[in-house]
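So you can see what is in the structure, the chains are spelled out below.
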Amino acid sequence: MESDKATAPGLDLGPAARQIRDLLGAVDDGQLSGPTPCPDYSVRELLGHLLGLTVAFRDAGLKNLGATTDTSPDAALPTLPADWRTALPPLLDELVEAWRSPDALEGMTRAGGVDLPGEVAGMVARNELVVHGWDLARATGQDFRADEASLRSSEAMLAPGDDDRSGADAIFGPPVPVPDDAPLVDRVIGLSGRRPDWRPGA
């Protein structure tokens, strides 16, 4: 049994994290005050949120519970440190590495002040990277190319089921109707409460 656990795969957040890393280099300082699909966030605050959630879910994966995992993302508007361009990429690498360990999926952990199973926390982390990666791409006029596995994971997590979706709605807002034959990314973004055709100023 021990050998099976040792070889069990962890969760690969690499593709979703790389998408964000690729977007960061093209973000112009003049865009930081611009709007995003998150009504309460400018680009600056969206980047601050991405930095904060990267740290929180890294520590959640490591079961390093404390201030970074106990604080609700709604406690205050995110702030963006001056060194974000050099600070965020290695943090994303650390996040990916933390969730590659099978131990990250075992037992309970905490993120945003909420206790949840490790496996669920991993899905939430990947979904946060996917949805907020899309937010950043749209807000800064860049292409978004999420991998299918990450999109399928988000779709499964966000899709309405027989249970009450009030928790998901509280985070993302009610789903936006999208045609059944729309691209997978549009269906996922619709489930997250965003309009797939969102553009700055539109």
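A brief structural summary.

Reading the values: the criteria
- Residues numbered from 1 in each chain as written.
- Predicted model: local features only at pLDDT ≥ 70, side-chain atom pairs only at ≥ 80, totals over all residues.
- Heavy atoms only, no water.
- Buried < 20%, exposed > 50% of the residue type's maximum accessible area, 1.4 Å probe, protein only.
- Helix = DSSP H or I, 4+ residues; strand = E, 2+ residues; numbered from the N terminus.
- Contact = heavy atoms within 4.5 Å.
- Core = buried A, V, L, I, M, F, W, Y, C linked by side-chain atoms within 4.5 Å.
- Axes fitted to C-alpha atoms, helices over the stretch in contact; angles between N-to-C directions.
- Parallel < 35°, antiparallel > 145°, perpendicular 65-115°, else oblique.
- Left-handed = near helix turned anticlockwise from the far one by under 90°.
- Nonpolar A, V, L, I, M, F, W, Y, C, P; charged D, E, K, R; others polar.
- Salt bridge = Lys/Arg side-chain N within 4 Å of Asp/Glu carboxyl O.
- Pairing = 2+ DSSP bridges.

## What about helix α9 (residues 184–191)?
Along α9, the positions that sit buried rather than exposed are L184, V188, I189, G190 and L191. On its buried face, α9 is in contact with α6 (118–139) and α7 (148–158).

## What about unusual backbone geometry?
Here K63, not a glycine, exhibits a phi torsion of approximately 60°, which is positive. Within the element layout of this structure, K63 appears in the loop between α3 (43–62) and α4 (67–70).

## A few points about the nonpolar core
Core analysis: the largest hydrophobic core is formed by 48 residues, its most contacted members being L13, L47, W84, W99, L129 and L136. Listed by contribution, the elements that provide at least two residues to this core are α2 (14–24), α3, α5 (84–100), α6, α7 and α9. Ranked by residue count, the leading element in this core is α3, at nine residues. Not counting residues up to four positions away in its chain, the partners in contact with W99 are G10, L11, L13, F57, A60, G61, A104, L105, G118, A121 and G122.

## A look at the packing of α5 against α6
One can describe the packing of α5 onto α6 by two numbers: an axis separation of 11 Å at closest approach and a directional angle of 150°. Relative to α6, the element α5 lies roughly antiparallel. The way α5 lies across α6 gives a crossing that is left-handed. Packed against α5, whose contacting residues are L92, L95 and W99, the element α6 presents G118, A121, G122 and L129 at the interface. Of the residues in the contact of α5 with α6, the class split is five nonpolar, two polar and no charged.

## Regarding the pattern of salt bridges
Per the counting criterion, the structure on display carries 14 salt bridges. Two residues, D59 and R58, come together in a salt bridge whose shortest N-O distance is 2.9 Å. Exposure remark for R58: the relative accessible area of 17% places this residue in the buried category. One network of salt bridges, in which partners are shared, links E148, R152, E155 and R187.

## A closer look at the pairing of strand β1 (residues 108–111)
Of the two faces of β1, only the one carrying T109 and A111 is buried; M108 and R110 on the other face are not. Of the pairings in the sheet, the one linking β1 to strand β2 (residues 114–117) comprises four bridges and is antiparallel in character. Considered in β2, the bridge of A111 is made with V114. Linking two consecutive strands that pair antiparallel, namely β1 and β2, is a turn of two residues; a positive phi of about 60° is found at G112 within it.

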